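These are the residues of each chain, in order.
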Amino acid sequence: MPRRRRTRLVLIFLLPELALILSFVLVPIIGTFIISFKTSHGYGVGNYYSVITERSPDRALVIPENIIKAQPPPWGALVHNIIWVAIHVPVVVFLGLTLAYLLRDVVGSSIVKSIMFLGMVIPMVVGGLLIRFMFDSDLGVIPVFLRELGIKSLAHTWTNYPQTALIALILGSVWLWTGFSLTVYAAALESLPKSYIEAARVDGASDFQIFFKVVFPLVKHATIIVVVMTMLWDLKIFDIVFVSTRGGPGGATNVMALVMYNYFARALDYGKSAATAVILALISLIPGIWFIRRVVRPSAEKR
Amino acid sequence: MARVFLENIVKRFGKVVAVDHINLEVHDKEFLVLLGPSGCGKTTTLRIIAGLEFPDEGRVYIDDKDVTDLEPKDRDVAMVFQNYALYPHLTVRDNIAFPLMIRRKQLGLTREEIYRRVLDVAKLLRIEELLDRKPGQLSGGQQQRVALARALIRRPKVWLMDEPLSNLDALLRLQMRAELKRLQREIGITTIYVTHDQAEAMSMADRIAVMNHGRIVQVGTPDDIYFRPRHVFVATFIGAPPMNIIRCITVLKNDKLYLSCPGMEREIPRGITKYLRGDMEILLGIRPEFVDVYKEPKPGAIRAKILVVEPQGSELILNLNISPESGEETIIKVKTRALRRYSPGEIVYLEPDWTRVSLFDAKTGKAIA
């Protein structure tokens, strides 16, 4: 086929997609960007300034230490997101890989895996509600369990107290999200030739060494996927917080997406809402770009 | 210095008996090949010696020490896997060093000592310039050598190899065959080698154990296996093309035993008549290599019609019907030097080397005498 005709053909096939991307992805992004710079007196960075320096607990991204009079939390939505990532990512990686590794040759493991994956299947609003139930002092499995153990101080409704609300949601998100990690790792382990582990066994490696020196490095690809996807999920987390605590009590579980929503739906301040959205998007781009560089592009080049 | 001894090994997977009462002794410094078709239990046997599988019955001894219940790491064996099992995240140097590195503390070795030993082994296998590469950057043959180096570095008692050459292309396989054999002899390490490739087994082994359906059918030197098969399975598994098997009947005439086969009848030599009676079903085995082909009639020769001619370069394989007169076809293959031209439909006369034929009991498949 002549080169010119081929180019034209490629363009014809690409055109519908490009039109869709343009109208439903690029235009809204650019629109949000423009709105974020629009203030009551012309264009400027005013929205960003006020969003970042906001101090009220239900909207603040970061609350400086000297303002927090009582015991924290709240620390501010951005800090909460970062704490979320810092706890959630390692726990999910560890649980997912360990469970996948332990369950790999067990009879009936697919049933366990299916149950674990249920957390991914149920709508997140339902998940959020379930988390609230789970940590309820009368109904919840965790407070009841702790009471039986004699730990009375933690046998309350976790989501009602600023000290425990955030950790309750993070633990709940572990429960919802481990199924994803487990599934990715199980697939990665499945594709790993058995001989890798057997060779290490013959060579004299202990189970501990096999796990950390052989299995963990060999499933690095899966780890990258799990880490990045979990980070992105944690950064844009909204639904489970919204239905379980609405960011409360006293802003103790506030997150970026909720701040954005509060500006948008409660304060009807679209400029600040857009500014928050842009900040959130920029932060999410860091793991996103890293992921594309590390995983998406190299494999595309191989082809 | 190591001998390996298997005593009455049985291994079942569910209802399938993978290994069925195997007894085998591997001598010190011997190159023993476990040969058989896929599913015959040879790999399972090897894995039992390695400790990757545990037998349901029987004992495994290495140097008179009962290792049946020991973990692989406590047996002092090294294994080369079919896919080499090189870790893609480690360099060649670290791959070879791996068995020592993970036991560095127990062995009391420093990193420098380990890397020095890696270099020694790498030199032996001529891969020292590859040490800084990752396995993904190596060719199949190079990966093979790295896997061998990793199996050598610990100076194990026994080398176990599971079809290590089967992932290489044909030419490289021929080359590695000789090299592996040379290396094994140089180091003097007891080696148990699993393969389904009879040519590989014949060319490398000191002794071959032919396996079928979980049992060892015959153990012997390559010569034994080739010239004196103890079972019709061995006869038909070894050789390219394998031994021709012709179904015959013994006939008692005038106090003499005759072998009556399609297209021929022949007196049975006195030496083995004591094992035979009249009216027995016998399988006559004739190697394609041990038949002379004549274009002219010859007394005692078998009349045969050429069906297909397969040229092989210096040799020809003739597919012949040795009972063209009767309605049925009895087809045998004959290998002959490509000195004359043959064409399909032509009648030729065959004279087998009767001193080299084998007789098998048709019922049990076992060799007679």
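As the structure is a computational prediction, the values presented were derived from the model and not from experiment.

1. Structural notes on the sheet that holds strand S17 (residues 315-321) of chain B
All names here are of chain B.
Move 1: Ordered by their spatial adjacency, five strands build an open sheet running S15-S19-S16-S17-S18, and the pairing between neighbours is antiparallel. Edge positions in the sheet fall to strand S15 (291-294) and strand S18 (331-337), since each of these pairs with one other strand and no more. On average, adjacent strands in this sheet sit at an angle of 45 degrees to one another, irrespective of strand direction.
Move 2: The pairing of S15 with strand S19 (residues 347-352) spans four bridges and is classified as antiparallel. Directly across from Val291, in S19, lies its bridge partner Pro352.

2. What about the state of the cysteines?
All names here are of chain B.
Move 1: Counted under the stated rule, the structure contains one disulfide over all chains.
Move 2: Here Cys248 pairs with Cys261 through a disulfide, and the sulfurs are 2.2 Å apart. Handedness here is read from the sign of the S-S torsion; for Cys248 and Cys261, about 105 degrees, the answer is right-handed. With Cys248 in strand S11 (residues 244-253) and Cys261 in strand S12 (residues 256-261), this residue pair connects regions lying 13 residues apart in the sequence.

3. Thoughts on the pairing of strand S2 (residues 16-26) of chain B
Move 1: Sheet topology note: the strand S1 (residues 4-13) of chain B/S2(B) ladder contains seven bridges and is antiparallel. Following the sheet pairing, Ile9(B) is matched in S2(B) by Ile22(B).

4. Overview of the pattern of salt bridges
Move 1: Per the stated rule, a full pass over the model turns up 28 salt bridges over all chains.
Move 2: Notably, a salt bridge pairs Arg247(B) with Glu281(B), separated by 2.8 Å at the nearest N-O pair. Of the two residues, Arg247(B) sits in strand S11 while Glu281(B) sits in strand S14 (residues 281-286), which places them 34 residues apart along the sequence.
Move 3: Its relative accessible area of 39% is what places Glu281(B) among the partly exposed residues.
Move 4: Connected through salt bridges with shared partners, the residues Asp203(A), Asp76(B), Arg150(B) and Arg154(B) form a single ionic network.

5. A few points about helix H2 (residues 46-53) of chain A
Residues lying three or four places apart along an α-helix face the same way, a consequence of the helix completing one turn every 3.6 residues.
Move 1: For H2(A), the complete set of buried residues consists of Asn47(A), Tyr48(A) and Val51(A). When H2(A) is viewed along its axis, its buried side chains cluster within an angular range of 95 degrees and face the same direction.

6. Comments concerning the interface of chain B and chain A
Move 1: Taken together, the contact pairs 22 residues of chain B with 16 residues of chain A.
Move 2: Note on chain B versus chain A: buried area summed over both sides is about 1700 Å², and carbon and sulfur give 60% of it.
Move 3: When the area that chain B buries against chain A is broken down by residue, the three leading residues are Tyr87(B), His89(B) and Ile102(B), summing to 30%.
Move 4: Counting the contacts that link chain B with chain A gives four salt bridges.
Move 5: Here Arg154(B) makes a salt bridge to Asp203(A), at a shortest N to O gap of 3.8 Å.

So, how was this worked out
Residues numbered from 1 in each chain as written. Chains lettered and ligands numbered in written order. Predicted model: local features only at pLDDT ≥ 70, side-chain atom pairs only at ≥ 80, totals over all residues. Heavy atoms only, no water. Pairing = 2+ DSSP bridges. Helix = DSSP H or I, 4+ residues; strand = E, 2+ residues; numbered from the N terminus. Axes fitted to C-alpha atoms, helices over the stretch in contact; angles between N-to-C directions. Disulfide = S-S within 2.5 Å. Salt bridge = Lys/Arg side-chain N within 4 Å of Asp/Glu carboxyl O. Buried < 20%, exposed > 50% of the residue type's maximum accessible area, 1.4 Å probe, protein only. Arc of directions from axis to C-beta. Contact = heavy atoms within 4.5 Å. Buried area = accessible area lost by both parts, 1.4 Å probe.

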